[in-house]
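Topology and contacts: notes
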Amino acid sequence: QVQLVESGGGLVQTGGSLRLSCAASGNIFSIYAMGWYRQAPGKQRELVARITNTGSTNVADPMKGRFTISRDNAKNTVYLQMNSLKPEDTAVYYCNADLMTFLKRRGDYWGQGTQVTVSS
């Protein structure tokens, strides 16, 4: 069994910052990539940022220059530093991991989500 546990969400004013963390644990053989997605009310889930096990990153255009993704491979943890937050960043943020278990099953795993609310 694999668990992804997120932390760091909350309420912040426009222009503020938050740092999200997500730790993966359990029956993990190897993690290929980790990332963050978000879903606002009435909208589809969208990619925020993604980082591979070699450090290659991909940040969605609306977040470039404001959000930074990083990863601690030794801790199986991914971070999302969010600066200059805007009300439109309000959403539930979900951690995602593309990994292989010790049973050699590869797939996508998701955290439970953490709410980020940016007040105007």
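These remarks concern the structure in this document.

Here's the deal with unusual backbone geometry
Phi angles above zero are rare outside glycine, and Asn-76 is one such case at about 50°. Note that Asn-76 resides in the loop between strand S7 (67-72) and strand S8 (77-82). Here Asn-76 falls in the partly exposed class, since its relative accessible area comes to 25%. Look at Ser-84: it is not a glycine, yet its phi comes out positive at around 50°. Following the sequence through the fold, Ser-84 ends up in the loop between S8 and strand S9 (91-101). The exposure class of Ser-84 is partly exposed, given its relative accessible area of 40%.

Side note on the side chain of Thr-77
Following the sequence through the fold, Thr-77 ends up in strand S8. Polar contacts involving the side chain of Thr-77 include one to the main-chain carbonyl oxygen of Lys-75, which spans 2.9 Å. Every residue in contact with Thr-77, bar those within four places of it in the chain, is listed here: Cys-22, Ala-23, Met-34, Ser-70, Arg-71 and Asp-72.

Considerations on the sheet that holds strand S1 (residues 2-7)
One open sheet holds the 4 strands; their spatial order is S1-S3-S8-S7, and the pairing between them is antiparallel. Since the sheet does not close on itself, it has two edges, and those belong to S1 and S7, each with one partner. Sheet twist, expressed as the mean angle between neighbouring strand axes with direction ignored, is 15°. Two elements, S1 and strand S3 (residues 18-26), share 6 bridges in a ladder whose sense is antiparallel.

Here's the deal with the side chain of Glu-6
Here Glu-6 is to be found in strand S1. Of the side chains with opposite charge, Arg-45 comes closest to the buried, unpaired Glu-6, at an N-O distance of 7.8 Å. Engagement of the side chain of Glu-6 in a polar contact is seen with the backbone nitrogen of Gln-112, the distance being 3.1 Å. Residues in contact with Glu-6, not counting those within four places in the same chain, are Ser-21, Cys-22, Trp-36, Tyr-93, Tyr-94, Cys-95, Gly-111, Gln-112, Gly-113 and Thr-114.

Points about the nonpolar core
Taken as a class, soluble globular proteins show a tendency for nonpolar side chains to be buried jointly. Trp-36, Leu-80, Met-82 and Tyr-93 are the most contacted members of the largest nonpolar core, which totals 31 residues. If you list the elements that add at least two residues to this core, you get S1, S3, strand S4 (28-39), strand S5 (46-52), S7, S8, S9 and strand S11 (114-119). It is S9 that contributes the most residues to this core, 5 residues altogether. Discounting chain neighbours no more than four positions away, the residues touching Met-82 are Gly-16, Ser-17, Leu-18, Leu-20, Arg-66, Phe-67, Tyr-93 and Val-116.

Brief notes about the pairing of S4
Of the pairings in the sheet, the one linking S4 to S9 comprises 10 bridges and is antiparallel in character. Note that in S9 the partner of Gln-39 across the bridge is Val-92. Bridge analysis of S4 against S5 gives 6 bridges, and the strand direction is antiparallel. Bridging across to S5, Gly-35 finds its partner in Arg-50. Where S4 folds back on S5, the antiparallel hairpin that results is connected by 6 residues, among which Gly-42 adopts a positive phi of roughly 80°.

Thresholds applied
- Residues numbered from 1 in each chain as written.
- Predicted model: local features only at pLDDT ≥ 70, side-chain atom pairs only at ≥ 80, totals over all residues.
- Heavy atoms only, no water.
- Helix = DSSP H or I, 4+ residues; strand = E, 2+ residues; numbered from the N terminus.
- Buried < 20%, exposed > 50% of the residue type's maximum accessible area, 1.4 Å probe, protein only.
- Polar contact = N/O pair within 3.5 Å; in protein donor to acceptor, adjacent residues only side chain to side chain.
- Contact = heavy atoms within 4.5 Å.
- Pairing = 2+ DSSP bridges.
- Axes fitted to C-alpha atoms, helices over the stretch in contact; angles between N-to-C directions.
- Lys, Arg positive; Asp, Glu negative; His and termini not counted.
- Salt bridge = Lys/Arg side-chain N within 4 Å of Asp/Glu carboxyl O.
- Core = buried A, V, L, I, M, F, W, Y, C linked by side-chain atoms within 4.5 Å.

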